[in-house]
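Residues per chain are reported as follows:
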Amino acid sequence: MSDAFGNGADNAAAADVLHLAEVTVLGVGNVILRDEGFGVRVAEYLDSHYDWPDTVQIVDGGTLGIELTQYVTGTKKLLVIDSINGHAAPGTVFRFENDAVMAHFQDKLSAHEVGIQDVLALLTVTGHKIPDVVVIGAQPYDLEAGVELSSGMQAILPRIVKQALKELRAWGIEPEPRANAETLNFTVVHEELTRGCAED
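Residues numbered from 1 in each chain as written. Predicted model: local features only at pLDDT ≥ 70, side-chain atom pairs only at ≥ 80, totals over all residues. Heavy atoms only, no water.

Asker: What should I look at first to understand the packing of aromatic side chains in this one?
Answerer: Describing an aromatic ring pair means giving the distance of the ring centres and the angle of the ring planes. Across all of its chains, the model carries two aromatic pairs by this definition. Between the aromatic rings of Phe94 and Phe96, the centroid separation amounts to 6.2 Å while the plane-to-plane angle is 5°, which identifies the pairing as stacked. Each of the two residues, Phe94 as well as Phe96, counts as buried. (Phe/Tyr/Trp six-rings, centres within 6.5 Å; stacked < 30°, edge-to-face > 60°. Buried < 20%, exposed > 50% of the residue type's maximum accessible area, 1.4 Å probe, protein only.)

Asker: Explanation requested: the pattern of salt bridges in the structure shown.
Answerer: Where charged atoms from two side chains of opposite charge come close, those side chains can pair. If you walk through the whole model with that rule in mind, you get seven salt bridges. The partner of Arg95 in a salt bridge is Glu167, and the shortest N-O contact between them spans 2.6 Å. Remark: Glu167 occurs in helix H6 (residues 151–170) and Arg95 occurs in strand S5 (residues 93–97); sequence separation between them is 72 residues. The exposure class of Glu167 is buried, given its relative accessible area of 6%. Connected through shared salt-bridge partners, Arg95, Glu97 and Glu167 make up one network. (Salt bridge = Lys/Arg side-chain N within 4 Å of Asp/Glu carboxyl O. Helix = DSSP H or I, 4+ residues; strand = E, 2+ residues; numbered from the N terminus.)

Asker: How should I be thinking about a nonpolar patch on the surface in this particular structure?
Answerer: Taken together, the side chains of Ile32, Leu33 and Val189 present a nonpolar region at the surface, about 230 Å² in accessible area. Take Ile32: it is sitting in the loop between strand S1 (23–28) and helix H2 (38–49). (Patch = residues over 30% accessible without salt bridge, like charges linked within 9 Å, V, L, I, M, F, W, Y side chains within 5 Å. Areas by Shrake-Rupley, 256 points an atom, 1.4 Å probe, with all protein chains shown as cover.)

Asker: How should I be thinking about the packing of H2 against H6 in this particular structure?
Answerer: In a packed pair of helices, the relevant descriptors are the angle between the two axes and the axis-to-axis distance. Here H2 crosses H6 at 60°, and the two axes come no closer than 10 Å. In this view, H2 runs oblique relative to H6, as classed from their interaxial angle. The two elements H2 and H6 cross, and the hand of that crossing is right-handed. Together, Phe38, Arg41, Val42, Tyr45 and Leu46 of H2 and Met153, Ile156, Leu157, Ile160, Val161, Ala164 and Leu165 of H6 make up the contact between the two elements. Taken together, the residues of the contact of H2 with H6 sort by class into 11 nonpolar, no polar and one charged. (Axes fitted to C-alpha atoms, helices over the stretch in contact; angles between N-to-C directions. Parallel < 35°, antiparallel > 145°, perpendicular 65-115°, else oblique. Left-handed = near helix turned anticlockwise from the far one by under 90°. Contact = heavy atoms within 4.5 Å. Nonpolar A, V, L, I, M, F, W, Y, C, P; charged D, E, K, R; others polar.)

Asker: Just checking my understanding: could you explain the nonpolar core for this structure?
Answerer: Soluble globular proteins tend to pack their nonpolar side chains together in the buried interior. In this structure, Phe38, Leu46, Trp52, Leu79 and Ile81 are the most contacted members of the largest nonpolar core, which totals 28 residues. Put simply, the parts of the chain that give this core at least two residues each are S1, H2, strand S3 (56–62), strand S4 (77–83), strand S6 (132–138) and H6. Tallying contributions element by element places H6 first for this core, with eight residues. Once you skip the residues sitting within four places of it in the chain, Leu79 turns out to touch Thr24, Val25, Leu26, Val134, Ile136, Ala164, Glu167, Leu168 and Trp171. (Core = buried A, V, L, I, M, F, W, Y, C linked by side-chain atoms within 4.5 Å.)

Asker: I tried to follow empty space enclosed by the protein on my own but got confused; where do I start?
Answerer: A water-sized probe rolled over the atoms picks out the places where empty space is left. Per the stated rule, a full pass over the model turns up one cavity of 30 Å³ or more. Size it by volume and the largest cavity reaches roughly 30 Å³. Lining the largest cavity, in full, are Leu26, Leu68, Val72, Leu78, Ile116 and Val119. Residues of the lining of the largest cavity, tallied by class, amount to six nonpolar, no polar and no charged. (1 Å grid on protein atoms, 1.4 Å probe; cavity = no way out; pocket = protein on both sides within 12 Å on 5 of 7 lines; lining within 4 Å. Points joined across faces, edges and corners; volume = space filled by probe spheres on them.)

Asker: How do you make sense of the environment of Glu182 when you look at a structure like this?
Answerer: Examined against the element boundaries, Glu182 turns out to sit in the loop between strand S7 (176–177) and strand S8 (194–195). Classification of Glu182 by relative accessible area gives exposed; the value is 67%. A sequence separation of 134 residues divides Glu182 from Ser48, and the C-alpha atoms of the two residues are 7.4 Å apart.

Asker: I keep staring at the pairing of S4 and nothing clicks. Help me out?
Answerer: Here S4 lies mainly inside the structure; seven of its seven residues are buried. With burial as the criterion, each face of S4 is covered, one bearing Lys77, Leu79, Ile81 and Ser83 and the other bearing Leu78, Val80 and Asp82. Two elements, S1 and S4, share five bridges in a ladder whose sense is parallel. Considered in S4, the bridge of Val25 is made with Leu79. When S4 meets S6, the two strands line up parallel, connected through seven bridges. Note that in S6 the partner of Val80 across the bridge is Val135. (Pairing = 2+ DSSP bridges.)

Everything listed here is a matter of geometry and, on its own, says nothing about what the molecule does.
Given below as structure tokens:
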């Protein structure tokens, strides 16, 4: 029997447990608390507006905690997109990488960030540390109940998308823009949780 990392299993069995991808783009947040779901909305945009190589998975991590382990174990490069509590003016954009990421998660905005911190710590102590981790995002404007991003956060979204693409290009990933991509509706919660993983 294999463990959560696929140890003790052959490659086929491990593939059933893990969602293996060289590069993972992970959008996190609670989409029913308006701007808290910013990372998920950016991931939805990236998923719907670009065609990605097979080495990349776009994951809507929502408010998952330790369950995210199955999506990021084995990935070599992880880009996390999130609302970020930097004690700054709303709309302030942030970027952290590698060692600074764990320092960021010490000052948590919400419970899902506890989960990410736990996942990264678990992978480190079990010998599965992700070599390259970058977190990008922005200080939220509005954390009241509701599924629509604030107008301020909607205005920032293109900037974060551009930053995400820049980070991915630095890792050798160049997605193809999708022709006639549909405009995202920020007033609804999308059912599909992951690209390339939902059918598993």
